[in-house]
Each structure stands twice: as structure tokens, then as C-alpha cells.
Amino acid sequence: MQVKQFKLNAMALAAAQIAFMAGAAHAQTADAGNATTATVVVTGQRASLENAQKIKQNSDEIVDSIVAADIGKLPDKSVTEVLQRVVGVTIDRTMSRSDPEHYSVEGSGVSIRGLSWVRSELNGRDSFSANGGRSLNFEDVPPELMAGVDIYKNPSAEQIEGGIGGLVNLRTALPFDFKGRKVALSASTTYSELKGGKWSPSASILLSDRWKTGIGEVGVLVDFAHSESGTRTDGFQVEPYYPRSNIVDGRTVWIPKGAQWRTLNFNRERQGLYGALQWKKDANLRSHVTFFKSKYDMQWDENAIFAASNPYNFQVAPGATWGANGQFLTGTFSSPQDGGIDYGADTRVASRKSDTTDISWNVEWRVGDSWTFTSDLQRIKAKSNGFDSTVATAVKMPTQTLDLTGDRPNLIFNDAQRAHLANPGNYYWNFTQEHLDQSESESKALKLDAKYTFDNPVLRDVRFGVRFTKRDATTELSNPDYHWAAVTAPWMGSSISKLAYLSDPRFAGNTYLGTFDNFFNGKANVPSVVFPNVSVATGFPQSYAALHEYYQILCREAAANAGTAPNCAPWTPAAFGGNPSGINEQEEKTKAFYTQLRFGWDDLKMPIDGNIGVRYVKTDMDANGYTVFNNTSAVVNPPQTLSGVPIPNIPAYSAGQNYENSYSNVLPSLNLRLKARDDLQFRFALARAISRPDFSQLQGYTTLSQSTDTTTTTFPGRPSNVNINAVNQTGEGKGNPMLKPIKSDQLDLTGEWYFGKSSSITLAMFHKRLKDIIVNQTYQYAIPDVNGRMYNFNVTAPVNGASGRATGFEVAYQQYFDKLPGAWAGLGVQANYTYVDSNTKLSTSTFTAYCTGGNNVANVNLNQNGCDTNGQSFGDLPLQYLSKNAYNLALLYDYGKWSARAAWSWRSKNLQGVNVNGTRGGDGTDTNPNSATPGATNIGWALPTWADDYGQLDASVSYQFNERMQIVVDGSNLTDSKYKQLMQQGIGMMGRAWFVSGPRYSAKLNYSF
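Quick notes on the rules
Each chain has its residues counted from 1, running along the sequence as written. Per-residue local features are limited, in this predicted model, to residues with pLDDT of at least 70; the limit for side-chain atom pairs, both in listing and counting, is 80 or more; totals at the level of whole chains, interfaces and linings are taken over all residues. For the side-chain quantities, the full set of heavy atoms in the structure was used; hydrogens and water were omitted. Secondary structure elements follow DSSP: runs of H or I no shorter than four residues count as helices, runs of E no shorter than two count as strands, and numbering proceeds from the N terminus. C-alpha atoms define the radius of gyration, and 2.2 Å times the number of residues to the power 0.38 defines the globule rule. Three exposure classes are used, based on accessible area relative to the maximum for each residue type with a 1.4 Å probe and protein chains only: buried under 20%, partly exposed in between, and exposed over 50%. Here the open area of atoms and residues is found with the Shrake-Rupley method and a 1.4 Å probe, where only the protein chains shown may cover a residue. Excluding any residue in a salt bridge, patches collect residues exceeding 30% relative accessible area, merging like charges within 9 Å and nonpolar Val, Leu, Ile, Met, Phe, Trp and Tyr side chains within 5 Å. Whenever a carboxyl oxygen of Asp or Glu lies within 4 Å of a side-chain nitrogen of Lys or Arg, that contact is scored as a salt bridge. As used in this record, nonpolar core signifies buried Ala, Val, Leu, Ile, Met, Phe, Trp, Tyr and Cys residues forming a set joined through side-chain atoms within 4.5 Å. Contacts: residue pairs with any heavy atoms within 4.5 Å of one another. DSSP bridges decide pairing: two strands pair if at least two such bridges lie between them. Axis definition: a line fitted to C-alpha atoms, over the contacting stretch in the case of helices. Angles run 0 to 180 degrees between N-to-C directions. Disulfides are defined as cysteine sulfur pairs within 2.5 Å. Aromatic pairing here means that ring centres of Phe, Tyr or Trp (its six-membered ring) are within 6.5 Å. Orientation follows from the plane angle: under 30 degrees is stacked, over 60 is edge-to-face, and everything else is tilted. Here, a charge over a ring is recorded when the distance from Lys NZ or Arg CZ to the ring centre is within 6 Å and its angle to the ring normal is within 35 degrees. Pairs of N or O atoms within 3.5 Å make up the polar contacts considered here, provided that, within protein, one atom can donate a hydrogen while the other can accept it, and that residues adjacent in sequence are counted only when both atoms are side-chain atoms. One fewer than the residue count of a helix, multiplied by 1.5 Å, yields its expected span.

J.: Please explain the overall build of the protein as it appears in this structure.
T.: Broken down by element type, the protein carries seven helices and 50 strands. The C-alpha atoms of the protein give a radius of gyration of 31 Å, which matches the 30 Å a tight globule of 1009 residues would have. Considering only C-alpha atoms, the protein reaches an extent of 105 × 65 × 50 Å along its principal axes. Counting the 1009 residues in the protein, one finds 56% classified as buried. When the accessible surface of the protein is summed, it comes to about 40100 Å², and 55% of that surface belongs to carbon and sulfur atoms.

J.: Looking at this model, I keep getting lost on a nonpolar patch on the surface. Mind explaining?
T.: On the surface, Leu-686, Leu-747, Leu-749, Trp-753, Ile-761, Leu-763, Met-765, Phe-809 and Val-811 cluster together into a nonpolar patch covering about 680 Å² of accessible area. Elements with a minimum of two residues in the nonpolar patch: β36 (742-756), β37 (759-784) and β38 (790-816). Mapped onto the fold, Leu-686 is located in strand β33 (residues 680-691).

J.: Honestly, the nonpolar core in this entry has me stumped. Any pointers?
T.: One broad rule of soluble globular proteins: the nonpolar side chains tend to lie buried together. Core analysis: the largest hydrophobic core is formed by 73 residues, its most contacted members being Phe-236, Tyr-241, Trp-261, Phe-328 and Trp-429. With sequence-adjacent residues up to four places away left out, Phe-236 is seen in contact with Gln-260, Trp-261, Arg-408, Pro-409, Leu-411, Phe-519, Phe-520, Ala-524, Val-526, Arg-992, Ala-993 and Trp-994. Counting residues in hydrophobic clusters, the runner-up holds 30 residues, among them Val-86, Leu-136, Phe-138 and Val-149.

J.: Explanation requested: the side chain of Asn-611 in the structure shown.
T.: Topologically, Asn-611 is positioned in strand β30 (residues 608-631). Excluding residues within four positions of it along the chain, Asn-611 makes contact with Asp-60, Glu-61, Ser-156, Gln-596, Leu-597, Arg-598, Phe-599, Ser-669, Leu-670 and Asn-671.

J.: I would appreciate a short explanation of the sheet that holds strand β7 (residues 125-126) in the present structure.
T.: Backbone-to-backbone hydrogen bonds pair the strands of a sheet. The strands run either parallel or antiparallel. With mixed pairing, the five strands of this open sheet are ordered in space as β1-β8-β9-β6-β7. Looking along the sheet, the strands with just one partner apiece sit at the ends: β1 (63-67) and β7. Here strand β6 (residues 118-122) pairs with β7 via two bridges, running antiparallel. Across the sheet, the residue bridging to Leu-122 is Arg-125, located in β7. Seen against the sheet, helix α2 (residues 45-58) touches β1, β8 (148-152) and β9 (166-171) and runs at an angle of roughly 155 degrees to β1.

J.: Got a minute to help me understand the pattern of salt bridges in this structure?
T.: Pairing of side chains with opposite charge becomes possible as their charged atoms draw close. Scanning all chains against the criterion turns up 54 salt bridges. Two residues, Lys-618 and Asp-620, come together in a salt bridge whose shortest N-O distance is 2.8 Å. Overall, Lys-618 belongs to the partly exposed group, its relative accessible area being 30%. Overall, the relative accessible area of 24% leaves Asp-620 in the partly exposed class. One connected set of salt bridges, linked through shared partners, spans Lys-56, Asp-64, Arg-113, Lys-153, Asp-748 and Glu-810.

J.: Would you mind showing me how to read the environment of Val-526 here?
T.: Following the sequence through the fold, Val-526 ends up in the loop between β27 (511-514) and β28 (529-532). Separated by 108 residues in the primary sequence, Val-526 and Arg-418 have C-alpha atoms spaced 8.7 Å apart. Leaving out residues up to four positions away in the same chain, Val-526 has contacts with Phe-236, Trp-261, Arg-418, Phe-516 and Phe-519.

J.: Could you clarify how one ought to interpret the state of the cysteines in this entry?
T.: Linking two cysteines covalently via their sulfur atoms produces the bond known as a disulfide. Evaluation of the coordinates by the stated rule reveals two disulfides. Disulfide partner of Cys-555: Cys-568, at an S-S distance of 2.0 Å. Disulfide Cys-555-Cys-568: torsion about the S-S bond near -90 degrees, hence left-handed. Of the two residues, Cys-555 is situated in helix α6 (residues 542-562) and Cys-568 in the loop between α6 and β29 (583-601); the sequence distance between them amounts to 13 residues. Put simply, Cys-851 and Cys-867 are joined by a disulfide, and their sulfur atoms are 1.5 Å apart. A torsion of -85 degrees about the S-S bond marks the disulfide between Cys-851 and Cys-867 as left-handed. Linking Cys-851 in the loop between β39 (827-842) and α7 (861-865) with Cys-867 in the loop between α7 and β40 (885-895), this pair joins segments that are 16 residues apart in sequence. Grouping residues by exposure puts Cys-851 and Cys-867 together as buried. Numbered in order of appearance, the disulfide-bonded cysteines of the protein are paired 1-2, 3-4.

J.: Got a minute to help me understand the packing of aromatic side chains in this structure?
T.: A ring pair, where both rings are aromatic, is described by two values, the distance of the centres and the angle of the planes. For the structure on display, the rule yields 40 aromatic pairs. Between Phe-629 and Phe-793, the aromatic rings sit 5.7 Å apart at their centres with planes inclined by 85 degrees, giving edge-to-face as the arrangement. With a gap of 164 residues between them, Phe-629 in strand β30 and Phe-793 in strand β38 connect regions that are remote in the sequence. What makes Phe-793 buried here is its relative accessible area of 0%. Judged by centre distance (4.7 Å) and plane angle (45 degrees), the rings of Trp-753 and Phe-755 are tilted. Of the residues examined, Trp-753 reaches a relative accessible area of 35% and is grouped as partly exposed. The ring of Phe-520 is capped by Arg-408, whose NZ or CZ atom sits 5.7 Å from the centre of that ring.

J.: Teacher, can you tell me more about the environment of Gly-935 here?
T.: When you line up the elements, Gly-935 lands in the loop between β43 (920-924) and β44 (939-942). Ignoring any residue separated from it by four or fewer positions in sequence, one finds Gly-935 in contact with Thr-925 and Asp-926.

J.: Even after reading the chapter, I still don't get the side chain of Lys-56, so can you show me in this structure?
T.: Structurally, Lys-56 can be placed in helix α2. Under the relative-accessibility criterion, Lys-56 is labelled buried at 14%. Only 3.0 Å separates the side chain of Lys-56 from the side chain of Asp-64, close enough to count as a polar contact. Beyond its immediate sequence surroundings of up to four residues, Lys-56 is in contact with Val-63, Asp-64, Arg-683, Glu-752, Tyr-754 and Thr-762.

J.: I would appreciate a short explanation of the pairing of strand β25 (residues 459-477) in the present structure.
T.: If a strand is regular, its side chains alternate between the two faces of the sheet. Direction of pairing for strand β24 (residues 427-453) relative to β25: antiparallel, over a ladder of 17 bridges. The partner of Glu-442 across the bridge, within β25, is Asp-472. Counting the residues that bridge the hairpin from β24 to β25 gives five residues. Alignment of β25 against β29, held across 17 bridges, turns out to be antiparallel. Across the sheet, residue Val-466 finds its bridge partner in β29, namely Phe-593.

J.: Would you explain α6 in this entry?
T.: Since one α-helical turn is 3.6 residues long, residues separated by three or four positions face the same way. An ideal rise of 1.5 Å per residue puts 30 Å on 21 residues; α6 measures up with 31 Å between its terminal C-alpha atoms. What α6 keeps buried is the set Ser-543, Tyr-544, Leu-547, His-548, Tyr-550, Tyr-551, Gln-552, Leu-554, Cys-555, Ala-558 and Ala-559. Tucked inside the fold, the buried residues of α6 contact β21 (371-397), β24, β26 (483-486) and α5 (534-538). Positive phi appears at Gly-563, one or two residues downstream of α6, with a value of about 70 degrees.

J.: How do you make sense of the environment of Gly-600 when you look at a structure like this?
T.: In this structure, Gly-600 sits in strand β29. A relative accessible area of 0% places Gly-600 in the buried class. Between the C-alpha atoms of Gly-600 and Gly-610, which are 10 residues apart in sequence, the distance is 6.3 Å. Residues in contact with Gly-600, not counting those within four places in the same chain, are Pro-457, Val-458, Arg-460, Ile-608 and Asp-609.

J.: Any chance you could explain the pairing of strand β19 (residues 328-334) here in plain terms?
T.: Burial runs high along β19: five of the seven residues are buried. Two strands pair when backbone bridges link them, and strand β17 (residues 315-316) and β19 are joined in this way by two bridges, in the antiparallel orientation. The residue bridging Gln-315 from the neighbouring strand is Ser-334, located in β19. Counted between consecutive antiparallel strands, the loop separating strand β18 (residues 321-322) from β19 contains five residues, among which Gly-326 sits at a positive phi close to 85 degrees. Where β19 meets strand β22 (residues 399-403), five bridges bridge the pair, whose relative direction is antiparallel. By the bridge assignment, Thr-332 is partnered in β22 with Thr-401.

Below, the structure written as C-alpha cells:
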């Protein structure tokens, strides 16, 4: 069956709704009477918990809920923060899972029961952001627009497929949720202690009313929210440790490549607009149109100093101390062979604008006492565009003294070293790097459902329906993607007359001295560093062109000195906008059918009810993409000499490709509930679920690159020599259009005791058997040089290459102590704990003790098992983003006009990635005794990077002046918790990074009538 294309917009749907209302009213000859709508007025934390508990207790499936304490006012500053309070839910603390070097104050990715395959809905309909994924960026959604959030942990046949981990349904209000007119206003402001400066304002307004008219009852609701946030994060980092056998006699010790620090200032602006038009003629016919728009505008700038040194040239001063495994603890580094320890100092700016628009029309028609028909029409359009720019200076640090024995690195500098780092004359212009992207995704969905209600003591109803979707996604990346280009660098040798030092008036200016004031909230003191001005990073491409002209000047100068013709390759920006080699397009069509039977035996001593059903879905995918080759090998210009490994001459190119993929899935489900007593019940759930690959994983875009590892030796009175230590021929498949969904067979058991309106103890055990897990594997991609000789590039791309399981349990407890005397009766407690154990098994596991660079599809050591800087493999790694232990503990108080809470959220360490930015490289030491090149420093390595245990305390206090006005004061991260990252090496779990963001405080005024 083919679904015809349809075009929706807000005005068209509103007009259709009005026409439908008028037409239906005209067709009705008799008014069957207005149905009574049950309305619950939510006022305060306690009432919220009561309503959430009712949803959990009465649901057909296993669900946890959070209900707004006031109309549209969830108790946190983002939906992500709200979700972390729910048992079984954890959130990430980095901006991107592929780049854990940047901390996210409000949290980011959401996992349910340790699994990141989470689907999102808005009012029971599919919803997503244009981020290459299949779910919303929950941090993009204004929590002020939400009436509640439901987290489903096992599927039923009537639910839309796609969430193995679970389903997060964001609920907004409808006009008929209120008895009559409703107006709710909110204004707040937030202050970040670490960032300081101005306060960040937020405001929201909800207007709703309903009227009885000649065509039936009509309701209109409008809700608008605007919020701003400004935060800062300070961080220390320690580079990976390398083995050295020539520092301590008779012993191999491990030294880091250096240590560094950074500060990131983050600002975001979020706007949300929601509207609903609702109508009902009588109890048998009703309809509503909803419009939802969320806009997110983010920008951050960062100053970071980072190691760019050669760890094999390091010398360690006498008096250094070492750990039991030979790891460096304290001491002083120097690098005389390189003229000092090389460090880069970058200014990085990033911005992103995204918005999601959802327009939906729902009609429900009840025919007689048995049949109910529902239609749902939806259109979603999501857009996102981003810009990322880095400009760097560089400096040679004479020495560096480190003490790594404390709870964070201690970087020790004397006055002379501080003065050296603060002197612009010691810096030169180093490199630029730009990235641009834009994404657009549009989805159209039609859902038709029918329900037949039985007049039977056992059979309740049977439901069946169909759903058709068409989703198009277009992503455009700059080409090259992250376009790194040197301005001047030591490895350029005599191709330039010298480096572009700021001490030269021709290259001076456009920098400033970053002083790192109040670093780590005043608990650390780091040197000032000379950074490029922010305007240089934001001024792309003109500012980049001006910087790269410095290379042209020095290159022409070197040629003139040598008496040769200049051969100075010009800088060109990454191509973007209308460039087909950077565009990836995907189209996905789905056709689904389900049927579900609800039943129950109420006359049993212990009544049993439930549902059983099956869902069938067929998916058809088309993708268009490109393969792109870029050559970033070292450029050597005469009279500079070249030695070592020859560099293949492979011209840059790009080529388009088309892909088609199709698959179908049958998804049965069973949900049973046994009511042992009115307040005690047990559940059993069995289901099969799928999670389709993200659209970013389905891109047909492959980048190949050739780079060189070089050592430059300078000689007095004659040209320098560049030795090519190794030629690295690698690639990355941004996606794989032939991927199939991850599958899960899952079992859930629960016990639920509800011993009060807002008091309960619940226990849930779960087991998920996973297959077709998507992992990155390495394969060979052969391309020719100019002479036709083929070279094999080691390309990493996602495949359905693993199976696994996730097994665990959840326990949750909440209670108000009503029997305490007087005001003490307002005390309450809420606590939950989740345990998850997991393992994975690669489909083509060929674990070897040493990494060999991944020369075939079966060798997954580097990207799956991880490789140390000595070439040894790790293996036995858990599912990513999964914490074995997590808990929440909240003390509550709700009595009279006062309401308060203090909430502690904690999760244990979890694997963030195996081959992520900052903890990977190609200069590992070959220690394989069977290698043909023992001792060489050209082994690829990738350290498993972990987020360490993390917890933080948040609190709020509110006072209700009267039934209309309330004031709320709250604080986030009151403990000023440090977020620590670890890197796994053979010498142990070594500290990689330490981030602090400081406490945040806000004051809010709510007014409603």
C-alpha cells in the first residue's frame, strides 16, 4: 500500500480542524451530552508524586512518571536533568559521546537501564531533533512546556517500534485538562558561581480557556517559554602514558606526554511555543490540533593549552617518583632534543542553532458502545546547523613539573616559567581548523487505529491499526570535515624561513593574554597563556586567509634566500554549501500493522489482567553519499632533504554512491498483571523490540586520508632533513547504509506495593538479550596511486557485529511520614537504586594480545578491544554508557505553604568510548616479540575512556503565598562536584581529565489564576 505525499502546515491543519468541527456539528442531529472530564489540580511536590504513582500503578505497561509540580513547571532546568531522577535512568555529562573532552553542565545523552537506545515521543507521537539520531535532544526541549514525562520500560504492540532501552514520552497539556480558564506565569533568573557575571533570565506563560458553542465545546491553549543559561567549566587533563625503557636503568617506566588545562564558557538560549485547539461535539466525537516548536541556540568558546610533544624525546630530571606499576607520579620533564616541550594554545568557538516543529491532528470517533476509531496525522520538521572553529598559537615550554598524587593534577610553575608563558614573543602561529554542518529532517506519519470493546467477563477489547511514515534526512558536512591546516610548524623545515613568531611585527597582534581567573573556583592557580582573539576564530574564512598568508610570506622568503622559485601551496577553506561530495541523503519509509488483545479475570481471588499482541513493520531505506580522499602528508620543499618511508602519490578525489536497504520485523509482546491485593501487584512482561540505526550511522559518506609521522633534524649551515617515520593510510566511514536494527528479546518482572497515596515500594528485574549490536570494525579499502599501484587504507565503519545482554534490577521507595506530629508530617523520602550487568560478544572476535593496525575485517582489536600505547590489547569491555550502579536519594518536605527537596543523584563509572578524541594516536611502541619492527613507534593505539563515579546534590525550597503565587529558590551542584574521566592502560585506570562547573542558583516566581 502506497501512502500519498501530503503537505501539512499549522494554518492548514487549524483550518481543517475548524472545518471538521463545523461539518460534524451540522451532521449531528442530536447532542448526546457533554462528557465529564476528570481534572486533577497539581499543587506541590506531594501532589505530583501522588499523580505519578497513580500513572505507574494503573498503566498496562511498566512505566515511571514525573508530573509537573505546577502547570508546566518541572522541577529541573532541562528535561535531561528531570529524567535523571527516575529509577533506571542515567544521563551523560559530556556534550558529545564522540568527544568526551567537553563537559555538559545540564547533561546530555539519556540511557534507560544502561542502554542508550532510547526513543522519544511527544504526546504519544514520534519526535526527534535534526542531530542525525532518532530521538529528541532532551536538553533542547523547554521543560516549562511539559505537563509530565512518562518513561516506558517495556513495549506493547500498539506502541511505535524503536526503543530497546525504553521510551520517553513528553506530555503537554490540552485545554480540556482544565475546568475553565487557566493562566500561569513564571519568571526566573539563574546565576553560575564559577562563571560569575550577569544572571540568566527565563520566563513562560500559559493561557488556556474553553467555551460551549453551537458546534460543541471548544478549547484553546497557548504556552510560550524562553530561557537563557550561561555556565563555565574548568578542566585539567593528563595525556596518555607511554612506555620508556631508557629513563630508569633496567626498568620500563610510563610517562604522560604532558598535562594541560582549559576553560570553556557556554551560553544557550532556548525558546518553545506550544498551541492546542481542542473540540468535542459530545462523548462520541472529539478532535484536537497541536503545534509545538522548540528552538535551541548554543554557543561556546574555549581556551585550552594542549600537549603537542614527542614523548619519546622526553627526559626526566633526577628525583622523580614512580608508582608500583612504573607509572610516573612526580617529577620534571624536559625535551632538549626538540628545543623544549611543544604545546599548542587554542581558541575554539562552536555554535549550533536547531529547531523542531511538530504539527499534529487527532480525531477520535466512538460508534455505538463497541467501536472507537482514531486517526492521527503528523508532520515533523527539524533543522540544525553548526559551526566549529579552532585557531591556535604554539609555544615551547622549557620544562614541566607535575605532581599526580592528589585528587587532581598539580602543575607546578616558578616565576620564570610563568613569565615565559605570558610573553607573546615566545609564541608562533600554529594552525587553523574549521568544521561546518547543516542537517534537515522531515517526517510525515499517518496512523489509523480501531478498538472494539467486548461485552465479556474476560475479553476487554481488541485493538488494531496501521501506521505509515516517510522520513527524509539530509546532512551536509564541510569537505574536508574537520579541516586542519598548519600555518607554521617545525616540521615544515626549510620550506619556510622561520616560524611565524609574534615577536615579528609582521605577525604580531590578534592575540590576548588568557589569565584563567578564579580557576577551579579559586582552588587552583595556573599560568596565563597567549591565545588567539575570539574574533580570529569567528572571522572564518577571512581571518583564516590572513593567517595563512603568513606561511606564504615565509615560504617566498625561504625560496628567495635559497635562490629558487617559490613552491608555496595556497590555503583553501573547506568546501561547504552546494558541494555534492559533502552531502548525504537518506530516505526511510515504514509500514506497520499491529493487533493487540486486552483481557482480564476480575473474579479470581487474585485478579489477572494484561494484553497480548504483535506488531509487524517493514522498513525501506535509500541513501546517497560520497567517498572522499584527502592527502595531508608532510610537504617538503628543496633544499630541505627527505628520508625514510616513501610517500605514495595519490591525488585527491571524490566519488558518489547510492545504496538501498530493506528489512522487516515481527515484534510480539505480552504484558500481565496480578493483583494480590488492592495495594499489591506483580507484573510479567515479555517482548521483542528493535532500535533502528541512527541516521548518522546510515550515512554513505567515507573519508580516506593519508598522513605522515615525521621527525625534523636541523643542521647548522645546511638544509634540514625530514625523516618520514611512517605513512598512515586510514579512513572513516561516517556510516553504513546497509545496517539493520539492533534486536532485543526482553523479560521483565515487577513487584509493586502501594501503601499510601504517595507511598510505595517497587522492585523490577529485567533481562535483555541483544543481537546485531552496531560496532565499529576495520576493513581494507584499496585505492591506486598515479602509477596504478594499489594501497590498502584501514577504514573504520559501523557494522552489525556483536551480541550481548543487559541484566539487572531496580528498587524504588517513596513515602511521606504522615503520622509524625504537626509540621513533621510534611517530611518524606524518595530513594531508588539500579543495578545493571552487561557483556558483549563480537560476531567475528579474533582477539590477539598485540594490535597490528587492523588489516582485515576480522581484526577488531583497535576499535573494539582497545590498544595501549605499547600495542597490547585490552578486551573484555562492557556496553558503552552503562553504569553498573546508580541511585537517587531525595529528602522531601511538603507541609502547608512550604515545599522543599534535597536530591542526590549518583552513578558509577561507565565506558564512554574506545577510540575517542584525545585518547588515541598512531605513535604507540611496538612491543610484540614476534613483530618485524620491534621498538618502532608507529603502532595505532586507542585507550578505553571512562567516566568515573559521579554524584551531585541539588536542592529547592518554595513558598506558596496564596493559591495564585509561589516563589521558588533552588541550587544545582551544591557540592561543587568534580567530574573525572579515566583512561584505561596496562598500568591501571589512569586519570585523564577533571572538570568542575561550580554551583548554580536560581530564583523563580510563579503566578497562576
